[in-house]
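# Close look at the chain arrangement
For reference, the chains in residue letters:
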Amino acid sequence: MAQGAVKKSKANASKKPTASGPKRGARVIKPKKAVLVKQNQIKKKHSAGLSAMTEKALAERAGHLEMLRGGKKDGKKEDKAAGGKGNKSGK
(Lines give C-alpha, C1' and ligand atoms only; values in the text may rest on other atoms or scores of the structure.)
Protein backbone atom coordinates (compact mmCIF):
# COMPACT_ATOMS: atom_id res chain seq x y z
CA MET A 1 0.00 0.00 0.00
CA ALA A 2 1.30 3.39 -0.96
CA GLN A 3 -0.41 5.23 1.88
CA GLY A 4 0.82 3.16 4.80
CA ALA A 5 -0.99 1.44 7.64
CA VAL A 6 -4.02 3.02 9.27
CA LYS A 7 -3.35 4.20 12.85
CA LYS A 8 -5.78 3.13 15.56
CA SER A 9 -7.15 5.86 17.79
CA LYS A 10 -6.67 5.66 21.56
CA ALA A 11 -9.61 5.81 23.96
CA ASN A 12 -9.88 9.12 25.82
CA ALA A 13 -9.87 7.99 29.43
CA SER A 14 -8.98 11.32 31.02
CA LYS A 15 -11.87 13.59 30.01
CA LYS A 16 -12.57 16.50 32.34
CA PRO A 17 -16.20 16.91 33.41
CA THR A 18 -17.80 20.01 31.92
CA ALA A 19 -19.16 22.65 34.27
CA SER A 20 -22.95 22.76 34.43
CA GLY A 21 -24.83 26.00 34.03
CA PRO A 22 -24.09 29.14 32.04
CA LYS A 23 -20.57 30.33 31.36
CA ARG A 24 -19.26 33.17 33.49
CA GLY A 25 -18.92 36.50 31.75
CA ALA A 26 -16.26 39.17 31.95
CA ARG A 27 -15.70 40.72 35.36
CA VAL A 28 -16.67 44.35 35.91
CA ILE A 29 -14.70 46.68 38.16
CA LYS A 30 -17.03 48.87 40.21
CA PRO A 31 -16.36 52.62 40.08
CA LYS A 32 -14.74 54.23 43.09
CA LYS A 33 -15.37 57.92 42.39
CA ALA A 34 -18.55 59.33 43.94
CA VAL A 35 -19.80 60.82 40.66
CA LEU A 36 -19.40 57.53 38.82
CA VAL A 37 -21.07 55.59 41.63
CA LYS A 38 -24.07 57.93 41.48
CA GLN A 39 -24.25 57.59 37.67
CA ASN A 40 -24.19 53.80 38.03
CA GLN A 41 -27.07 53.87 40.51
CA ILE A 42 -29.17 56.12 38.26
CA LYS A 43 -28.44 53.94 35.22
CA LYS A 44 -29.45 50.80 37.11
CA LYS A 45 -32.68 52.42 38.33
CA HIS A 46 -33.69 53.63 34.87
CA SER A 47 -32.87 50.35 33.14
CA ALA A 48 -34.95 48.47 35.73
CA GLY A 49 -37.87 50.81 35.09
CA LEU A 50 -37.57 50.37 31.34
CA SER A 51 -37.56 46.58 31.57
CA ALA A 52 -40.56 46.64 33.92
CA MET A 53 -42.51 48.86 31.54
CA THR A 54 -41.60 46.64 28.59
CA GLU A 55 -42.74 43.51 30.40
CA LYS A 56 -46.01 45.16 31.41
CA ALA A 57 -46.66 46.25 27.82
CA LEU A 58 -45.98 42.72 26.57
CA ALA A 59 -48.28 41.26 29.23
CA GLU A 60 -51.10 43.63 28.25
CA ARG A 61 -50.76 42.63 24.61
CA ALA A 62 -50.63 38.91 25.35
CA GLY A 63 -53.24 38.96 28.08
CA HIS A 64 -53.41 35.18 28.48
CA LEU A 65 -49.94 34.59 29.87
CA GLU A 66 -49.96 34.00 33.62
CA MET A 67 -46.19 34.35 33.87
CA LEU A 68 -46.20 38.08 33.14
CA ARG A 69 -47.84 40.45 35.59
CA GLY A 70 -50.00 43.28 34.35
CA GLY A 71 -52.14 41.35 31.88
CA LYS A 72 -55.92 41.28 31.44
CA LYS A 73 -56.45 38.72 34.21
CA ASP A 74 -54.54 40.84 36.73
CA GLY A 75 -56.83 43.78 35.98
CA LYS A 76 -59.93 41.67 36.69
CA LYS A 77 -58.50 40.48 40.00
CA GLU A 78 -57.81 44.07 41.08
CA ASP A 79 -61.39 45.10 40.23
CA LYS A 80 -62.82 42.29 42.36
CA ALA A 81 -60.54 43.12 45.27
CA ALA A 82 -61.53 46.79 45.16
CA GLY A 83 -65.27 46.02 44.96
CA GLY A 84 -65.51 46.62 41.23
CA LYS A 85 -68.40 46.39 38.79
CA GLY A 86 -71.17 43.85 39.29
CA ASN A 87 -70.79 43.50 43.03
CA LYS A 88 -74.27 42.69 44.41
CA SER A 89 -73.89 43.21 48.12
CA GLY A 90 -77.35 44.75 48.65
CA LYS A 91 -79.38 41.52 48.26
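Residues numbered from 1 in each chain as written. Predicted model: local features only at pLDDT ≥ 70, side-chain atom pairs only at ≥ 80, totals over all residues. Heavy atoms only, no water.

All right, on to the overall build of the chain then. Summing up its helical and strand segments, the chain has two helices and zero strands in all. For the chain, buried positions account for 3% of its 91 residues. Counting only carbon and sulfur atoms, one obtains 57% of the accessible surface of the chain, whose full area is about 9900 Å². (Helix = DSSP H or I, 4+ residues; strand = E, 2+ residues; numbered from the N terminus. Buried < 20%, exposed > 50% of the residue type's maximum accessible area, 1.4 Å probe, protein only. Areas by Shrake-Rupley, 256 points an atom, 1.4 Å probe, with all protein chains shown as cover.)

Counted at 1.5 Å a residue, the expected span for helix α1 (residues 34-62) with its 29 residues is 42 Å, and the 42 Å between its end C-alpha atoms agrees. Among the residues trailing α1, Gly-63 stands out with phi positive, at a value near 80 degrees. (Expected span 1.5 Å × (residues − 1).)

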